[in-house]
Amino acid sequence: MLIIGEKLSIIAKRVREAMMKKDKAPIQEIATRQWKEGSGIIDANIGPAEDGGEDLMQWMVTTIQEVVPLPICLDTTNANAIEAGLKVHNNQWGRALINSTSNDPERFPILELGAKYNAQVIGLTVGKGGLPADAEERAGIAAEIMARAMEYGVPLEDIYLDPLVLQIATSQDHARHVIKAIKMFQEINDPPMKTVVGLSNISNGCPKTLRPILNKHYFVMLMDAGLTAAIADAHEMAEAVQEKKMIEDVLAGKKIDDAKKMAEITKTIDVIMGRTLYAHSYLEM
């Protein structure tokens, strides 16, 4: 399982301030910690970066790779910034990953960059028309992205299909649609397509105490469905792997000795699968 370290995002106040000041220390500290905790790629999320995006992405890539021998996931909607980052990316540490193309014509040029710079590309299964309704619609969009990738000269083995994880607090049904989509993506090609999710999206908007519980349980369920990679917190995912056997036992209908943990796992699985309506207090019910 490939973990793409998620902590260097402009959404985080400390990271945003470091980006704006071009202060290397916080960026390198966070990147180093993610590497040591098990990340195989570091995500550099600079947001839309409409002004100064090229310079900022180049600075982020070089700043991270000064201290961490890992490839970078170039995460922005600014294609020029992505290309700027690809130009300075140190491929000695592995091939860059671009986040992302989609079924929106404005995102097609990302495939050109993938082919030009021999980079891997995330294909987000969403189009200009809005969010996919279910797993079947995600699979249909995935097939279109795959066909387009081949047209642009990007090998299918360089595409990571992303079924789009949404907030369980506001889009509960989509949690199980994503699990089904992960399974379907593996059936539309031989060899199976690689898959990736922005894992912590599942718990966005949830109480801070619940977020790790939802993230870890969902991660195990997606792993069992065949997930290849996750943009996630490497430390949290290591904990999830430690709890994997317990979660899988409960999924299989077995009882575990720890009654409190049994209740937590059961309730969380029921929420993810839509058998219980989500509420911020669901663990207390």
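Heads up: the structure comes first, above all this text.
Calculation rules
- Residues numbered from 1 in each chain as written.
- Predicted model: local features only at pLDDT ≥ 70, side-chain atom pairs only at ≥ 80, totals over all residues.
- Heavy atoms only, no water.
- Salt bridge = Lys/Arg side-chain N within 4 Å of Asp/Glu carboxyl O.
- Helix = DSSP H or I, 4+ residues; strand = E, 2+ residues; numbered from the N terminus.
- Buried < 20%, exposed > 50% of the residue type's maximum accessible area, 1.4 Å probe, protein only.
- Pairing = 2+ DSSP bridges.
- Right-handed = clockwise from strand over helix to strand, strands pointing away.
- Arc of directions from axis to C-beta.
- Contact = heavy atoms within 4.5 Å.

(A) Region of the structure containing the pattern of salt bridges. One pass over the full model with this rule turns up 21 salt bridges. Put simply, lysine 244 and aspartate 224 hold a salt bridge, and the shortest N to O gap is 3.5 Å. Of this pair, lysine 244 sits in helix 9 (residues 234–251) while aspartate 224 sits in helix 8 (residues 211–225), placing them 20 residues apart in sequence. With a relative accessible area of 40%, aspartate 224 lands in the partly exposed category.

(B) Here's a closer look at the pairing of strand 7 (residues 194–198). In terms of residue burial, strand 7 counts as a mostly covered element, since four of its five residues are buried. Strand direction decides the pairing type here: strand 6 (residues 159–162) and strand 7, joined by two bridges, are parallel. Bridged to tyrosine 160 within strand 7 is lysine 194. Where the polypeptide runs from strand 6 across helix 7 (residues 173–185) and back to strand 7, its parallel neighbour, the crossover connection is right-handed.

(C) Local environment of helix 5 (residues 109–117). Here helix 5 has its buried residues at Ile110, Leu111, Leu113 and Gly114. Down the axis of helix 5, the sector holding all buried residues measures 155°, keeping them to one side. Structurally, helix 5 contributes buried residues whose contacts are with helix 4 (79–88), strand 4 (97–103), strand 5 (120–127), helix 6 (135–152) and strand 6. Of the residues flanking the end of helix 5, it is asparagine 118, one or two places downstream, whose phi is positive at about 55°.

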